[in-house]
Amino acid sequence: MRMTLLTCMTLVMALSLGAPVQKSRDQAQPTHLLLATTKTSTMQKELDEAAAQGYRVLMGSPTSGSEMAVFLEKTAKRPDTYHYEVLATTRTGTMQKELNEMAEEGFRLMPSTMIARTVMGEIVVLLELPPKVEKQYEYKLLATSKTSTLQKEMLEAQEAGFVIIAMVSRGEHMVIVERETIVSN
């Protein structure tokens, strides 16, 4: 009886001492966060929520023919949080137009997030808006199935001051180049 009482008291003390530690561990946010979905609208919503909590995108990748995954890291505190925009399209002209519209607002393409969703023929990219915009960029999208054409277009873009930042293939080779522009206040 005495041994049972001693065992119960020890167990109660151990549980009560461990409870606050467990509670604080549950309340802490993880350092890294993985988002994965097949819908770009869901990815946008989840990115908005994570960014508001101080997460910043590290990289993205396709996980299957239609799913995309993005890894984030907890780095920022309010009000210095980052903002994200998910662009997805099957048309290269649309992608270039939308990239440049977002760039005018201070967003910058994140090269490590360019994803070709082969099942849908869609290209998905993430753009990041830092808490303070110090530089702006202009984008040009080069797309062709002929490597010789791509080489020629790349040389022309390079002469105009563009640099390669991302490449993906989806039946054609697609290269995104950027150049810094003057920040207008």
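Because the structure is a prediction, the values reported are computed rather than measured.

Scanning the model with the defined rule gives zero aromatic pairs in all. A cation over an aromatic ring shows up here: Lys74 above the ring of Tyr55, its NZ or CZ 5.6 Å from the ring centre. The residue whose ring lies beneath Arg108 is Tyr137, and the NZ or CZ to ring-centre distance is 4.0 Å.

This part covers a nonpolar patch on the surface. Among the surface-exposed residues, Leu34, Leu58, Met59 and Phe71 lie close enough to one another that they form a single nonpolar patch of about 360 Å² accessible area. Along the polypeptide, Phe71 turns up in strand β3 (residues 68-74).

The strand order β1-β3-β2 describes an open sheet built from three strands, whose pairing is antiparallel. Single-partner strands in this sheet number two, and they are β1 (32-37) and β2 (55-62). Along the sheet, successive strands turn relative to each other by an average axial angle of 20°, direction set aside. Packed onto the sheet, helix α2 (residues 40-52) meets β1, β2 and β3 and runs at close to 165° relative to β1.

Here we come to the nonpolar core. Soluble globular proteins tend to bury their nonpolar side chains together. Ranked by size, the top nonpolar core spans 21 residues in total, and within it Leu99, Met114, Ile123, Val125, Tyr139 and Ile176 carry the most contacts. Where this core is concerned, the elements lending two or more residues are α3 (92-104), β7 (122-129), β8 (136-144), β9 (163-169) and β10 (173-181). Each residue touching Ile123, except ones within four places of it in the same chain, is listed here: Leu87, Ala88, Thr89, Met95, Met114, Ile115, Ala116, Val168, Arg170 and Met174. Residues Met43, Leu47, Met110 and Ile115 belong to the second largest nonpolar core, which totals 18 residues.

Before going further, it helps to spend a moment on the pairing of β9. Across six bridges, the pairing between β9 and β10 is antiparallel. When the sheet's bridge partners are listed, Ala166 is paired in β10 with Ile176. A loop of three residues connects β9 with β10, the two strands running antiparallel in sequence, and Gly171 in this loop sits at a positive phi of about 95°.

The subject of this paragraph is α2. Between its terminal C-alpha atoms α2 stretches 18 Å, which fits the 18 Å expected from 13 residues at 1.5 Å a residue. Listed as buried for α2 are Met43, Gln44, Leu47, Ala50 and Ala51. End-on, the buried residues of α2 take up no more than an arc of 135°, which puts them together on one face. Residues of α2 that are buried in the fold lie against β1, β2, β3, β4 (83-89) and β7. Remark: Gly54 follows α2 within two positions and exhibits a positive phi of approximately 100°.

This next bit is on the sheet that holds β10. Ordered in space as β8-β10-β9, the three strands form an open sheet in which the pairing is antiparallel. Of all the strands in the sheet, the pair left with one neighbour each is β8 and β9. Between one strand and the next, the sheet's axes are offset by a mean angle of 20°, whatever the strand orientation. Of the strands in this sheet, β8, β9 and β10 touch helix α4 (residues 147-159), which is tilted by about 160° from β8.

Thresholds, definitions, all that
- Residues numbered from 1 in each chain as written.
- Predicted model: local features only at pLDDT ≥ 70, side-chain atom pairs only at ≥ 80, totals over all residues.
- Heavy atoms only, no water.
- Phe/Tyr/Trp six-rings, centres within 6.5 Å; stacked < 30°, edge-to-face > 60°.
- Lys NZ or Arg CZ within 6 Å of the ring centre and 35° of its normal.
- Patch = residues over 30% accessible without salt bridge, like charges linked within 9 Å, V, L, I, M, F, W, Y side chains within 5 Å.
- Areas by Shrake-Rupley, 256 points an atom, 1.4 Å probe, with all protein chains shown as cover.
- Salt bridge = Lys/Arg side-chain N within 4 Å of Asp/Glu carboxyl O.
- Helix = DSSP H or I, 4+ residues; strand = E, 2+ residues; numbered from the N terminus.
- Pairing = 2+ DSSP bridges.
- Axes fitted to C-alpha atoms, helices over the stretch in contact; angles between N-to-C directions.
- Contact = heavy atoms within 4.5 Å.
- Core = buried A, V, L, I, M, F, W, Y, C linked by side-chain atoms within 4.5 Å.
- Buried < 20%, exposed > 50% of the residue type's maximum accessible area, 1.4 Å probe, protein only.
- Expected span 1.5 Å × (residues − 1).
- Arc of directions from axis to C-beta.

Read these as spatial facts, not as claims about activity.
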